[in-house]
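A closer look at the structure
Below are the chains, spelled out letter by letter.
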Amino acid sequence: MNNDKNIRVLLVDDEPRITELLAFSLRKEQYIIETATSGPEALKTLKERPVEIVVTDIRMPEMDGFELCQHVMELYPATQVIIISAHGDVESAVEALKIGAVDFLQKPIDPKVLLLSLNSSAEKWHLRQTLNASIRDLEKEKELLSVTLNSIGDGVIATDLDGNVTMLNKISSELTGWSARDARGKPLSEVFNIINEKTRKPCENPVAKVLATGRIIGLANHTALISKDGAEHSIADSAAPIRNRDSEVIGTVLVFRDVTLKNKVNAELAKTKQLESVGILAGGIAHDFNNILTGIMGNISLARIKMDTIHKSYDLLEAAERAAIRAGKLTRQLLTFSKGGAPILEVNSIYDVVRESAEFTLTGSGIACRIEQDRELWSADIDRGQIDQVIQNIVLNARQAMPEGGTIHIVCENFTKLEADHNAPQIEIGDYVCVAITDEGVGIQSSLLEKIFDPYFSTKQEGSGLGMAITQSIIHKHRGSIECSSILGEGTCFTFFLPAVKTAVTDTSQVRGGHHGAGKVMIMDDELMIRSVTDAMLSRCGYTVIHAKDGSEALVLYETAMNTGEPFDAVIMDLTIPGGMGGKEAMAKLKQLDPSVKAIVSSGYSNDPVMANYDDYVFVACLVKPFLMDDLTDVLSKALSTETLSN
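Residues numbered from 1 in each chain as written. Predicted model: local features only at pLDDT ≥ 70, side-chain atom pairs only at ≥ 80, totals over all residues. Heavy atoms only, no water.

**Describing the environment of Lys417**
The line we're drawing: By the criteria applied, helices consist of DSSP H or I runs no shorter than four residues and strands consist of E runs no shorter than two, each listed in order from the N terminus.
Mapped onto the secondary structure, Lys417 falls in strand E16 (residues 407–417). When the C-alpha atoms of Lys417 and Ile427 are compared, they prove to be 7.6 Å apart, with ten residues separating the residues in sequence.

**Some words on the packing of aromatic side chains**
The condition that has to hold: Think of it this way: a Phe, Tyr or Trp ring, Trp meaning its six-membered ring, pairs with another when their centres are within 6.5 Å, and the plane angle makes it stacked under 30 degrees, edge-to-face over 60, tilted otherwise. Criterion for a charge above a ring: Arg CZ or Lys NZ at most 6 Å from the ring centre, at most 35 degrees from the ring normal.
All told, the structure shown has three aromatic pairs when counted by the stated rule. Both rings, one in Phe192 and one in Phe256, keep their centres 5.0 Å apart while their planes meet at 55 degrees; by these two values the pair is tilted. Of the two residues, Phe192 sits in the loop between helix H8 (188–191) and strand E8 (193–196) while Phe256 sits in strand E12 (residues 249–258), which places them 64 residues apart along the sequence. Residue placement shows Arg27 over the ring face of Phe24; its charged tip is 3.6 Å from the ring centre. Looking at Lys228, its charged tip hangs above the ring of Trp178, at a distance of 4.1 Å from the centre.

**So, the pattern of salt bridges**
Cut-off, in case you're wondering: Should a side-chain nitrogen of Lys or Arg be within 4 Å of a carboxyl oxygen of Asp or Glu, the pair is scored as a salt bridge. Residue exposure (1.4 Å probe, protein chains only): buried if accessible area is under 20% of the type maximum, exposed if over 50%, otherwise partly exposed.
What the rule picks out here adds up to 16 salt bridges. Its salt-bridge partner being Asp13, residue Lys107 comes within 3.0 Å of it at the nearest N-O pair. Taken as a pair, Lys107 in the loop between strand E5 (103–106) and helix H5 (111–151) and Asp13 in the loop between strand E1 (8–12) and helix H1 (16–25) lie far apart in primary sequence, 94 residues in all. Two residues, Glu585 and Lys589, come together in a salt bridge whose shortest N-O distance is 3.8 Å. Within this pair, Glu585 and its partner Lys589 are both found in helix H18 (residues 583–593), separated by four residues, close to a single helical turn. Judged by relative accessible area, Glu585 falls into the partly exposed class, the value being 43%. Three or more residues joined by partner-sharing salt bridges are found here, namely Arg8, Glu34, Glu48 and Arg49.

**Section: empty space enclosed by the protein**
Once rolled over the atoms, a probe with the size of a water molecule shows which space is left empty. Selection rule: Residues are called lining when one of their atoms sits within 4 Å of a cavity or pocket point, these points coming from a 1 Å grid over the protein atoms alone, where a cavity is a set in which a 1.4 Å probe fits but cannot get out and a pocket is an open set with protein on both sides within 12 Å along at least five of seven lines. Grid points are joined across faces, edges and corners, and a volume is the space filled by probe spheres set on the points. Throughout this entry, Asp, Glu, Lys and Arg are counted as charged residues, while Ala, Val, Leu, Ile, Met, Phe, Trp, Tyr, Cys and Pro are counted as nonpolar. The remaining residues, Gly among them, count as polar.
In the structure shown here, the tally under the stated rule is one cavity of 30 Å³ or more. For the largest cavity, the calculated volume is near 60 Å³. Around the largest cavity sit Ile523, Met524, Asp525, Ile530, Thr534, Ile572, Met573, Asp574, Ser602, Leu623, Lys625 and Phe627, which together line it. Mapped onto the lining of the largest cavity, the elements with two or more residues apiece are strand E20 (519–524), helix H16 (528–540) and strand E22 (570–574). For the lining of the largest cavity, the element with the highest residue contribution is E22, accounting for three residues. Among the residues forming the lining of the largest cavity, the class breakdown is seven nonpolar, two polar and three charged.

**A few points about the sheet that holds E20**
Heads up, the rule is: Pairing between strands requires that DSSP locate at least two bridges from one strand to the other. Whenever a helix is involved, its axis is fitted only over the stretch in contact; in every case the axis is a line through C-alpha atoms, and angles between N-to-C directions fall within 0 to 180 degrees. Contacts were defined at the residue level, with two residues in contact if any of their heavy atoms lie within 4.5 Å.
Reading across the sheet, the five strands line up as E21-E20-E22-E23-E24 and stay open at both edges, with parallel pairing between neighbours. This sheet does not close on itself; its edge strands, each paired only once, are strand E21 (543–548) and strand E24 (621–624). The mean inter-strand angle of the sheet, taken between neighbouring strand axes irrespective of direction, is 20 degrees. Sheet analysis places strand E23 (residues 599–603) next to E24, joined by four bridges and oriented parallel. Note that in E24 the partner of Ile600 across the bridge is Ala621. The strands touched by H16 within the sheet are E20, E21 and E22, with E21 carrying the most contacts at an inclination of about 165 degrees.

Structure (structure tokens):
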């Protein structure tokens, strides 16, 4: 017997003498004895304090032993009940055992027999307590396992030796579309439906491989899980055997995860790396091409100046110059694509940029373009090349949206954002120039409108999806805003806002070759062609020109000129010198030699930060390649008239 002094025994009999005799016989045993003279009194005692064993007579006036036993079993199922009776008939014994009694004793009771019955009941009570504790521990472990499986980010499916599902966690339910209840007992191939993403053919069941080989099996690449509702998920997984203590395979476990997003991210990263490589290549090509164009455009400018306007070749040179200018615009687009740098801002007429860009983009298309503007349209501080690219991107999209032809409507107007105007675009309070470009095309579905500015998103099969992303980037870098609205079957409207400048733009289009100046100018450039054509342009205007191939030579020439009393009035420095000192490094050293130096930075990389913020690098101006003669002389004259502050 388990000598537990905490075991309580309740003796119940309507004759107090009998309970006293039984209690006396057990006085030396390790039990706590209590007595009751009726069934209700016994239930009251049980309610007040726990009792492990109840010994009750059958015959009692208020509630017999059978009824008391039933109440005890219902209210306190862990309590052991022993029934005693003066009538030892078989029917009573069977009935007692049926209702849950652990023993049936006949009066008069031998104390030794009672003790044996109590010891047996106490042992049963202890065993039941141990069993209940084990069950509780098992339930806790089961709950912990369930919580753990449902908390992990991977799907988990377990099967038996026949390949039927025995368990699946929350993630696997979400991915397969099967609930744990519905999936249990189903063949894995029915719940876990996998195909090859490329061939679209069913994949081999991994569990069958595991059961056949007894080894861990991984899925092949490009595996897709088709859920119950038809949704498709790219997955990566492995299946392993479940073994018992004797290392016998008793089932399999499949662990898999959704890699759809990961695959998309990797694909986008691959695109980005590819685009970075293309961008570097495009930037290099644009730089070299701009150098070539500088020579072409410079020589054309010189030829036109020397030629009489009535000469039969004058118009041809003018056409060649326009073509070269267009080529320069293309290289700027390449640079914007490759670098996405800060804009080089100048006050410009938005109407002029819109008109020229739209006409250029629609040349030969058969699509009409109607442009309207406010009578006193404000100007804007913009990078003309980048805004030109914005117009071309939008107009090209409009052109492609109208394969049967039509009209593109463009409105340029002034717009003021007021503090109380909550329905206005997401721009700061102030004055803006607003440009709205509307086509009569097929329109865009409302579900796609929010994606049109996303990189790589395109509704055209041959599109790269970069045009609108670059467009939005350019507008935002100009501290503006762009939005799109569309009606399916009626057309699309792109509207962008740029901060306005309420100053007039001087029209210099008719002033050509009229500049004259004087002074000593150094040209630093690694390209002989650039130095030669720039020299010819400046010499014609009255300047004395000295050449330098790189920054090191420029520093020597500049210091020598200072020491001989014949200093340079200005220096035009190429930003990038392959294998040599470029303009940025040379400028820092020139500033130490001469704090009042007037240097102009020049580059075919028009989007380089030094070009966009030349004054931060103590240059007085910037000159973007390719340039015409008027561009060169205009920048130089402004630079020479600028007062330079020493550090």
